[in-house]
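One-letter residues, chain by chain:
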Amino acid sequence: APGTEGTYNLKINMSNSDGINGVTSTSFEVDTTPPKHYFSSDDSGGMVDDGSEVNVSTFWNDSRAGLKFGELYFNGSGGFQQVGSFGFGDVSEDWYNTTVSTDSLNGRNYCWYMKANDEVGNLNDSMGYHCFDVDGEAPIVSVESPSNTTYNFSDIYVNVSTSDVLTSADTVLAQID
């Protein structure tokens, strides 16, 4: 029996009691390797605004049996759920490109990954997660001083505090009219 992947030829010879010989042959392949992903990415840059579409891409290859189908998983509604599936057609390598919607996903980190099968059922579910943050809330700015009152001196110091759901404040500008 074949022990490794490859193409094998089988030949059968048979003789009956009258000395007549029959010969038949066939070939077959053994494929135990799942498809491979050579490149996967998204265009989020690590952070997107709520309501954005994130383009995701993965390049798959299966040189022996050919690609069959794949599935896209996303944790936008809690745990990972399948949000897309796709057939590759009769090819040994192909890109899968799609989008993930971030509508109403404000203020969290989200991840996606893909799985793919080849024509004989070998599954690759080893792709690592690709993650990005969704930010749709404006930073919070609180004025500590001056307070809403009248002062009897002209040196007034401005003191503010800021917070943001996912990032730190980059710039705080104060304007006094």
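Note that the structure is predicted; figures quoted are calculated from it, not measured.

Points about the packing of aromatic side chains
- The final tally for this structure, using the stated rule, is 12 aromatic pairs.
- Consider the rings of Tyr-8 and Phe-28, whose centres lie 5.7 Å apart with planes at 25°: the pair is stacked. Taken together, the residues Tyr-8 in strand β1 (residues 6-15) and Phe-28 in strand β2 (residues 21-30) connect sequence positions 20 residues apart.
- The partly exposed category is assigned to Phe-28, whose relative accessible area is 33%.
- Ring centres 5.1 Å apart and planes at 10° place the aromatic pair Tyr-73 and Tyr-113 in the stacked group. Placement of the pair is Tyr-73 in strand β6 (residues 67-74) and Tyr-113 in strand β9 (residues 108-118), with a sequence separation of 40 residues.

Some points on the side chain of Ser-57
- Tracing the backbone shows Ser-57 in strand β5 (residues 53-61).
- Among the polar contacts listed, one links the side chain of Ser-57 to the side chain of Asn-97, at a separation of 2.6 Å.
- Excluding anything up to four places from it in sequence, Ser-57 contacts Phe-39, Ser-40, Ser-41, Trp-95, Tyr-96, Asn-97 and Trp-112.

Brief notes about the sheet that holds strand β3 (residues 36-42)
- Strand order in the open sheet formed by three strands is β3-β5-β8, and the pairing between neighbours is antiparallel. Each edge of the open sheet carries a strand with a single partner, namely β3 and β8 (93-101). Between one strand axis and the next, the sheet turns through 15° on average, direction left out of account.
- In this structure, β3 lies alongside β5, joined through six bridges in antiparallel fashion. When the sheet's bridge partners are listed, Phe-39 is paired in β5 with Phe-59.

Digging into the pattern of salt bridges
- All told, the structure shown has two salt bridges when counted by the stated rule.
- Across the pair Arg-64 and Glu-5 runs a salt bridge whose closest N-O atoms are separated by 3.7 Å. Of this pair, Arg-64 sits in the loop between β5 and β6 while Glu-5 sits in the segment before β1, placing them 59 residues apart in sequence.
- Of the charged contacts, one joins Arg-64 and Glu-29 as a salt bridge, the two residues approaching to 3.0 Å between their closest N and O atoms. Of the two residues, Arg-64 sits in the loop between β5 and β6 while Glu-29 sits in strand β2, which places them 35 residues apart along the sequence.

Rules used in this analysis
Residues numbered from 1 in each chain as written. Predicted model: local features only at pLDDT ≥ 70, side-chain atom pairs only at ≥ 80, totals over all residues. Heavy atoms only, no water. Phe/Tyr/Trp six-rings, centres within 6.5 Å; stacked < 30°, edge-to-face > 60°. Helix = DSSP H or I, 4+ residues; strand = E, 2+ residues; numbered from the N terminus. Buried < 20%, exposed > 50% of the residue type's maximum accessible area, 1.4 Å probe, protein only. Polar contact = N/O pair within 3.5 Å; in protein donor to acceptor, adjacent residues only side chain to side chain. Contact = heavy atoms within 4.5 Å. Pairing = 2+ DSSP bridges. Axes fitted to C-alpha atoms, helices over the stretch in contact; angles between N-to-C directions. Salt bridge = Lys/Arg side-chain N within 4 Å of Asp/Glu carboxyl O.

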